[in-house]
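# Working through the structure, step by step
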Amino acid sequence: MTDDKGRLILPKEFLERRHISPNTEYWLDGREGDLILLPRLPDVRKLYIEPTTGCNLQCRTCIRNVWEDSVGQMSQDTFQQLLESLDRLPDLTRVVFTGFGEPLSHPQILEMIQAVRKRGLSVTLGSNGLLLSNEMARELVSLGVDRIVISVDGVKPETYASVRGAMLSQVLDNIRNLNEAKREFRSLNPALGIEFVILKNNISELPDLTRLASRLNAARVLVSNVLPYTKDMREEILYGYEPRPALSASGWPVRADAWVTWGTLELPRMHWGAERRCRFVKDQSIVVGWDGGVSPCYALSHHYHYFAVDGRKKEVNRYILGNLNEQPLAEIWMSEDYVRFRSEVRGFHFPSCPDCDLRESCDLRERNEGCWGWSPSCADCLWAQDIVRCP
């Protein structure tokens, strides 16, 4: 049914059942002969902000070893544009300061966090922990950061140093600074999480990781496989096509003031073939790069290459759906391309490249394109398999 201007009118009962406002606008799409209505809603729930692509470390596992992207910091003008965009995102609840750089190396990171917290939004911070001084820890606690995730890729000092080229003892001391600041402020937050990237040379330390997490009073350990950007890292992967033995999950007690809760260990999938799903789209997340470029996920937020599950080198081009210096986030999120992209990803309307019969002769697999469906293609995304994970 249409009105006198030819605009589509949906039945009132249809809208009420789906809790959709009658004023909602739609993009009209088609797939395999069917018409699909895609609502234009500013329903972003989670915002990832990349304050900088600079870092105080040069880890063996890092994407920065193979990209040609500029090293830059988010300007105050860009951040101000971002802040002004937040008022048009009524469903937004969490902001995550992280990315492929070290957020704490940005000179205005505390001001950024404070500005977000003033809007009543929850804040997660991802860090390597080396810049988490006693003073920084106190500031983060006082600002009300509710989660901090610190990367620890080795329980033994020599293992950690081989991956990150730094001293594990400094990171552990800084985590103790954080715990002391929480006690001083009588605060349960920020809850501590640990991120651990498993490799052949550190997998044996995984059982010790939960004991370390318990000693540090960490509430969560997130384990991820490595995304191999180099041939060296390709030799370190533990996942593949064939089913591998499942990793063993366990928990530990976490002291929370007068209460004791249970810490959780989250493990990745170890072989290709799971039902494909995108956590970024499922969680209604959006990624803003240091330059204001808006991408749908981490995997498409930079130019780089990596080695796919079959060992083939794959070039990835950054996928930008808009720039918040030119458009508000809500407008980018509700644009036709972005709305259609999320619809394609929800249904995972992409080929399955790793088990395609033509995979040996297909050169599209050498870049993030598909023989059908949307481009860029998510056809062999390791995040969608839960093989690679992030906070």
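That block above? That's the structure.
The following refers to the structure shown. What you see is a predicted model, and the numbers here were worked out from it, not measured in a lab.

### Some points on the pairing of strand β4 (residues 94-97)
Where burial is concerned, the two faces of β4 agree: the one with R94 and V96 and the one with V95 and F97 are both buried. In the classification by handedness, the crossover that spans strand β3 (residues 46-49), the intervening helix α2 (residues 76-86) and the parallel β4 is right-handed. Bridge count for β4 against strand β5 (residues 122-127) is four bridges, and the pairing is parallel. Within the sheet, the bridge partner assigned to V95 lies in β5 and is V123. Taken together, β4, helix α3 (residues 109-117) and β5 form a β-α-β motif whose crossover is right-handed.

### Side note on the packing of aromatic side chains
Inspection of the entire model under this criterion finds 11 aromatic pairs. Look at Y229 and Y304: their rings are 5.9 Å apart centre to centre, the planes differ by 85 degrees, and that puts the pair in the edge-to-face class. Here Y229, found in the loop between β8 (220-225) and α8 (231-234), pairs with Y304, found in strand β13 (residues 304-307); they are 75 residues apart in sequence, far enough to count as distant. Owing to a relative accessible area of 4%, Y304 belongs among the buried residues under this scheme. With a centroid separation of 5.1 Å and 65 degrees between ring planes, the pair formed by W333 and Y338 is classed as edge-to-face. Y338 sits in the buried class, given a relative accessible area of 1%. Across the ring face of W333, the terminal group of R342 is positioned such that the distance to the ring centre comes to 3.6 Å. Above the face of the Y338 ring, R342 is positioned so that its terminal group lies 4.7 Å from the ring centre.

### Considerations on α3
For α3, the set of buried residues is I109, M112, I113, A115 and V116. Looking down the long axis of α3, one finds its buried residues gathered within 160 degrees of arc, a one-sided arrangement. Packed against the buried residues of α3 are α2, β4, β5 and α4 (134-143).

### Focus: α2
Those residues of α2 that sit buried are T78, F79, L82, L83, S85 and L86. On an axial view of α2, the arc spanned by its buried residues comes to 160 degrees, and they lie on one face. Along its buried surface, α2 packs onto β3, β4, α3, β11 (285-288) and α10 (329-333).

### A word on the pattern of salt bridges
Within this structure, the stated rule accounts for 19 salt bridges. As a salt-bridge pair, E266 and R220 come within 2.8 Å of each other at their nearest N and O atoms. Here E266, found in strand β10 (residues 259-266), pairs with R220, found in strand β8; they are 46 residues apart in sequence, far enough to count as distant. Since its relative accessible area comes to 24%, E266 is described here as partly exposed.

### As for the packing of α2 against α3
Two numbers describe how α2 lies on α3: the axes approach to 11 Å, and their chain directions differ by 15 degrees. Judged by the angle between their axes, α2 and α3 are roughly parallel. Crossing angle aside, the handedness with which α2 passes α3 is right-handed. Facing Q76, F79 and L83 of α2, the residues of α3 in contact are M112, A115 and V116. By residue class, the composition of the contact of α2 with α3 is five nonpolar, one polar and no charged.

Calculation rules
Residues numbered from 1 in each chain as written. Predicted model: local features only at pLDDT ≥ 70, side-chain atom pairs only at ≥ 80, totals over all residues. Heavy atoms only, no water. Buried < 20%, exposed > 50% of the residue type's maximum accessible area, 1.4 Å probe, protein only. Helix = DSSP H or I, 4+ residues; strand = E, 2+ residues; numbered from the N terminus. Right-handed = clockwise from strand over helix to strand, strands pointing away. Pairing = 2+ DSSP bridges. Phe/Tyr/Trp six-rings, centres within 6.5 Å; stacked < 30°, edge-to-face > 60°. Lys NZ or Arg CZ within 6 Å of the ring centre and 35° of its normal. Arc of directions from axis to C-beta. Contact = heavy atoms within 4.5 Å. Salt bridge = Lys/Arg side-chain N within 4 Å of Asp/Glu carboxyl O. Axes fitted to C-alpha atoms, helices over the stretch in contact; angles between N-to-C directions. Parallel < 35°, antiparallel > 145°, perpendicular 65-115°, else oblique. Left-handed = near helix turned anticlockwise from the far one by under 90°. Nonpolar A, V, L, I, M, F, W, Y, C, P; charged D, E, K, R; others polar.

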